[in-house]
Protein chains: 2
Amino acid sequence: MNYAPFLNYIKNFVDLNEKEITFLRSYTNYKKYFKGQYIVQQGEVCNHTNFIISGCTENFYIDQKGQEHIVTFAIENWWSSDISSFITQKPSDFNVKCLEDTEVIQFTCQNQDEIFKNIPKMETLFRKLLEKALVSSQKRIVNNFSLSAKDQYIYFKNQYPNIEQRVPQYMVASYLGITKEFLSKIKAHLVKNKS
Amino acid sequence: MNYAPFLNYIKNFVDLNEKEITFLRSYTNYKKYFKGQYIVQQGEVCNHTNFIISGCTENFYIDQKGQEHIVTFAIENWWSSDISSFITQKPSDFNVKCLEDTEVIQFTCQNQDEIFKNIPKMETLFRKLLEKALVSSQKRIVNNFSLSAKDQYIYFKNQYPNIEQRVPQYMVASYLGITKEFLSKIKAHLVKNKS
DNA sequence: TTGATTTGTTAATCTAGTTTATTTTTTAAA
DNA sequence: TTTAAAAAATAAACTAGATTAACAAATCAA
């Protein structure tokens, strides 16, 4: 059980005293998943918010036509859950699946409320995290409007330099909302033109 | 000056006592803009979060090619600002422009923090609003992945039945990320096929 | 070390949505 | 009430990206 990375992460935002840390520890739990396991499954209620200690997850859904779409990746020091299902406690539209062995710290809905009640600083932290998440979600919409598939791929590589090496290319294509064939074409083109 | 709609809105989420309401009032301000006025301008820092009492705004940006893209509309009982600029206090990438005469309640950055410090319930409210905003932003990304332009238009009409009558069609097209010509084609097609 | 499965490439054909240009309709100002 | 400007419709030519299909590498299990 490896809790330190989470406390280090939190330290970037708020200072907690010993008592608060003890409380936080007792209201969260550590869990290890293996590669291929599902943390959340489409159709089930998402019971946890997960902070990733190590590993890598994909958040994807399967649409009416049976096509898979990756909505987000998450790696160390990121959060991973289906927030919609978590806050409404209704069945999830998404799957969260481990692409590597993955260790997480989990917050349940009830415990999260307890934590916020007892350590208001934690609610401030979550509010700020949500603000940042919203900004980057909006940024993605904006990129979708204004950038060609090629430029979106370049943006993705710059923004998430660590992810491309860890996941297969067809998943990057899925994240970008293009076919794997087209991404292959884009990469061939980039190599040929050296940028 | 018309503060009641804002208090009614808040009442849906949290209960405030007289003292808290007085505090809230003194730390927010009312402002009226006329049709065509900018609440935020691309390049300037967004100093306020705005709750709309009456009217309608568009949040848009102009990309490198000089093209305008509408990111969101907002009407009565919605919020309107550039959250990225607001939280970082850096120049905004967006414009917020009034499409009608618009009355708003404004929170400045400093006052918002004061409000959260003095009325923690308000921070909880904002956290929950951010959660909902993030969910709907993600929903938009998902629709972009899975729906044709026609189905996105139908979704838009269902989700925002009040907006289409209030804004010109080319703005709806811009919001959907398609050209006005193509939206016109879609509408003609929908009329012809009665769905 | 081999066969099977997963991942990636290439190329031809196809289509949803864009671009450009012209015409018609609606809105609003004088 | 007229007129100019803004908004919407129509249509032809065009393009970014999808689809299909065949094949080539890489990975993995036994």
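Up top you'll find the structure we're talking about.
Report follows, based on the coordinates. (Residues numbered from 1 in each chain as written. Chains lettered and ligands numbered in written order. Predicted model: local features only at pLDDT ≥ 70, side-chain atom pairs only at ≥ 80, totals over all residues. Heavy atoms only, no water.)

Some thoughts on unusual backbone geometry
All names here are of chain B. Positive phi, normally seen in glycine, also occurs at Asn77, with a value near 70°. Mapped onto the fold, Asn77 is located in the loop between β5 (68–75) and β6 (79–80). The partly exposed category is assigned to Asn77, whose relative accessible area is 38%. Even without glycine at this site, Gln89 takes up a positive phi of about 55°. Relative to the helices and strands, Gln89 resides in the loop between α3 (83–88) and β7 (95–98). (Helix = DSSP H or I, 4+ residues; strand = E, 2+ residues; numbered from the N terminus. Buried < 20%, exposed > 50% of the residue type's maximum accessible area, 1.4 Å probe, protein only.)

So, the protein's contact with DNA strand C
Of all residues adjacent to DNA strand C, which total 13 residues, the nearest are Gln169, Tyr170, Glu181 and Ser184 of chain A together with Thr179 of chain B. Sugar plus phosphate: this is where 74% of the atoms of DNA strand C within 4 Å of the protein reside. Between Ala149 of chain B and DNA strand C, the recorded distance is 3.2 Å, taken from a backbone N or O atom to a phosphate oxygen. Interatomic distance of 3.1 Å between a side-chain N/O atom of Thr179 of chain B and a phosphate oxygen of DNA strand C. If you list the elements that add at least two residues to the surface near DNA strand C, you get α7 (169–176) and α8 (180–192) of chain A together with α8 (180–192) of chain B. Tallied by class, residues from the surface near DNA strand C come to six nonpolar, four polar and three charged. (Near = heavy atom within 4 Å. Polar contact = N/O pair within 3.5 Å; in protein donor to acceptor, adjacent residues only side chain to side chain. Nonpolar A, V, L, I, M, F, W, Y, C, P; charged D, E, K, R; others polar.)

Remember, this is a structural readout, not a statement about activity or role.
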